[in-house]
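# Tertiary structure, described
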Amino acid sequence: MSEQTVRDRIAGRLQCGECGFTTSSSSAQFAERAVCPYCDGPLVRRGDDDLTVLQTRLQEFRTKTEPLASFYGKMSILHRIDGNRDREAVFSDISRLIEDKR
Ligand SMILES: [Zn+2]
């Protein structure tokens with residue numbers, strides 16, 4: 001998944017002020033009001049601190065996750081899945097990989 005995709009998803013994220021349920025503004029746009037489907041609480045955009053948290057996560061990905069990926073890559077047991085697509089496409093690819101390994 002590209003860093004831009006991660007940024008876009010975080011920027012479009014809405015969270016319920018009451019129960020913490022998280023959704024995206026694209027999923028919520030069909031509703032008449034931006035309210036939580038579980039508790040009717042207000043759906044609000046999360047603060048800029050999300051982008052600070054994102055910087056930390058991206059840094060950790062580069063220092064901790066990517067080295068592991070190259071390790072598994074050398075053992076030829078690494079599978080890469082394009083996460084820049086919609087949820088169903090990504091889930092279907094992951095499911096197929098797991099099924100093939102059985
Ligand atoms: Zn809620």
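The structure contained in this document is the topic of the report that follows. (Residues numbered from 1 in each chain as written. Predicted model: local features only at pLDDT ≥ 70, side-chain atom pairs only at ≥ 80, totals over all residues. Heavy atoms only, no water.)

## With respect to the pattern of salt bridges
Applying the stated criterion across every chain yields a total of four salt bridges. A salt bridge links D93 to R96, with the nearest nitrogen and oxygen atoms 3.4 Å apart. In this pair, D93 and R96 both sit in helix α4 (residues 87-100), three residues apart, roughly one turn of the helix. Take D93: its relative accessible area is 22%, and that puts it in the partly exposed class. (Salt bridge = Lys/Arg side-chain N within 4 Å of Asp/Glu carboxyl O. Helix = DSSP H or I, 4+ residues; strand = E, 2+ residues; numbered from the N terminus. Buried < 20%, exposed > 50% of the residue type's maximum accessible area, 1.4 Å probe, protein only.)

## Notes on the coordination of the zinc ion
C16 (SG), C19 (SG), C36 (SG) and C39 (SG) make up the full set of protein donors to the zinc ion, lying at 2.3 Å. Around the zinc ion sit four donor atoms; with metal-centred angles ranging over 99 to 119°, the donor geometry is tetrahedral. Donor residues for the zinc ion, ordered by position in the chain, follow C-x2-C-x16-C-x2-C. One end of the pair, C16, is in strand β1 (residues 13-16); the other, C36, is in the loop between α2 (25-28) and β3 (43-45), with 20 residues separating them in the sequence. The buried category is assigned to C16, whose relative accessible area is 5%. (Donors = N, O, S within 2.8 Å, 3.2 Å for Na, K, Ca; no water. Tetrahedral: all angles 85-135°; square planar, octahedral: opposite > 155°, others 65-115°.)

## Observations concerning the sheet that holds β1
Strand order in the open sheet formed by three strands is β2-β1-β3, and the pairing between neighbours is antiparallel. Each edge of the open sheet is held by one strand with a lone partner, namely β2 (22-24) and β3. Direction aside, the axes of adjacent strands within the sheet are offset by 40° on average. As paired strands, β1 and β3 are joined by three bridges and run antiparallel to one another. Directly across from C16, in β3, lies its bridge partner L43. (Pairing = 2+ DSSP bridges. Axes fitted to C-alpha atoms, helices over the stretch in contact; angles between N-to-C directions.)

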